[in-house]
Amino acid sequence: MGYTVPVGVSNKHLHLSKQDLEALFGAGYELTFKKALVQPGQFAAEEQVEVVGPKGSAKLRVLGPIRPETQVELSMTDARTLGFKAPVRESGKLDGTPGCKLVGPKGEVEIAQGVMVALRHIHLSDEQAKEAGVEDKQFVSVKINGERGLVFDNVLIRAGEKHFRELHLDTDEANAAGIGNDAEVEIIK
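Residues numbered from 1 in each chain as written. Predicted model: local features only at pLDDT ≥ 70, side-chain atom pairs only at ≥ 80, totals over all residues. Heavy atoms only, no water.

1. Comments concerning the sheet that holds strand β15 (residues 184-188)
(1) Moving on: The mixed closed barrel is built from six strands, whose spatial order is β1-β14-β11-β13-β12-β15. The mean angle between the axes of side-by-side strands here comes to 40°, regardless of whether they run parallel or antiparallel.
(2) Moving on: Pairing geometry for strand β1 (residues 4-10) and β15, over three bridges, is antiparallel. When the sheet's bridge partners are listed, T4 is paired in β15 with E186. (Pairing = 2+ DSSP bridges. Helix = DSSP H or I, 4+ residues; strand = E, 2+ residues; numbered from the N terminus. Axes fitted to C-alpha atoms, helices over the stretch in contact; angles between N-to-C directions.)

2. What about the pairing of strand β14 (residues 166-170)?
(1) Moving on: Judged by how many residues are buried, β14 sits mostly within the fold: five of five residues are covered.
(2) Moving on: Here β14 shows no split at all, with E166, H168 and D170 on one side and L167 and L169 on the other all buried.
(3) Moving on: Bridge analysis of β1 against β14 gives four bridges, and the strand direction is parallel. Residue V9 lies in a different strand from β14, and its bridge partner there is L169. (Buried < 20%, exposed > 50% of the residue type's maximum accessible area, 1.4 Å probe, protein only.)

3. Overview of the packing of aromatic side chains
(1) Moving on: The full count for this structure, using the stated rule, is two aromatic pairs.
(2) Moving on: Seen from their ring centres, F33 and F43 are 5.6 Å apart, and the 35° between their planes marks the pair as tilted. Within this pair, whereas F33 is found in strand β3 (residues 33-36), its partner F43 is found in strand β4 (residues 43-53), the two being separated by ten residues in sequence.
(3) Moving on: Using a relative accessible area of 14% as the deciding quantity, one classes F43 as buried. (Phe/Tyr/Trp six-rings, centres within 6.5 Å; stacked < 30°, edge-to-face > 60°.)

4. A word on helix α1 (residues 18-25)
(1) Moving on: For α1, the full list of buried residues reads D20, L21, L24 and F25. Mapping the buried residues of α1 onto a view down its axis gives an arc of 110°, with all of them on the same face.
(2) Moving on: Elements that come into contact with the buried residues of α1 comprise β4, β8 (100-103) and β9 (108-111).
(3) Moving on: Phi turns positive one or two residues past the end of α1, at G26, with a value near 115°. (Arc of directions from axis to C-beta. Contact = heavy atoms within 4.5 Å.)

Dropping the structure here:
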């Protein structure tokens, strides 16, 4: 077997800019730590925000720390349920994505863009990428064994000092493969 990585199933969530955090929760507000995520410095916050789409709304957990721009990450199923035509995008690549209304306890914000389905990706430290024989921004496939085994193509490598060994799939992708956070997958170059 080749180089393997553990799976991290990513549920719908959002990242907030400082400006939008303060508009939704109040001036000077800071996120409340709930639990650490695998990626260094990343965490789930206690805060949730209502995301309003053309066909409905849903409460989404905020992930920290704050980002330069607000971004809403949904599965295809979530996007369709809320009425968004959300494209698949790499995190931070917001051009061509729809906007939405966000509702917090202290205010509302209309974002012009930022609603997306996150491109599946593998986080690796520089050392882990070298061990796997891959480079940052390279696309690979991953093989998932088991009763609903399959191969996912177009998996982006995100390597660097702020990354740690983990494949991020959304809930639709994980359900299609019949796997959860306890799974390991093999990188196919």
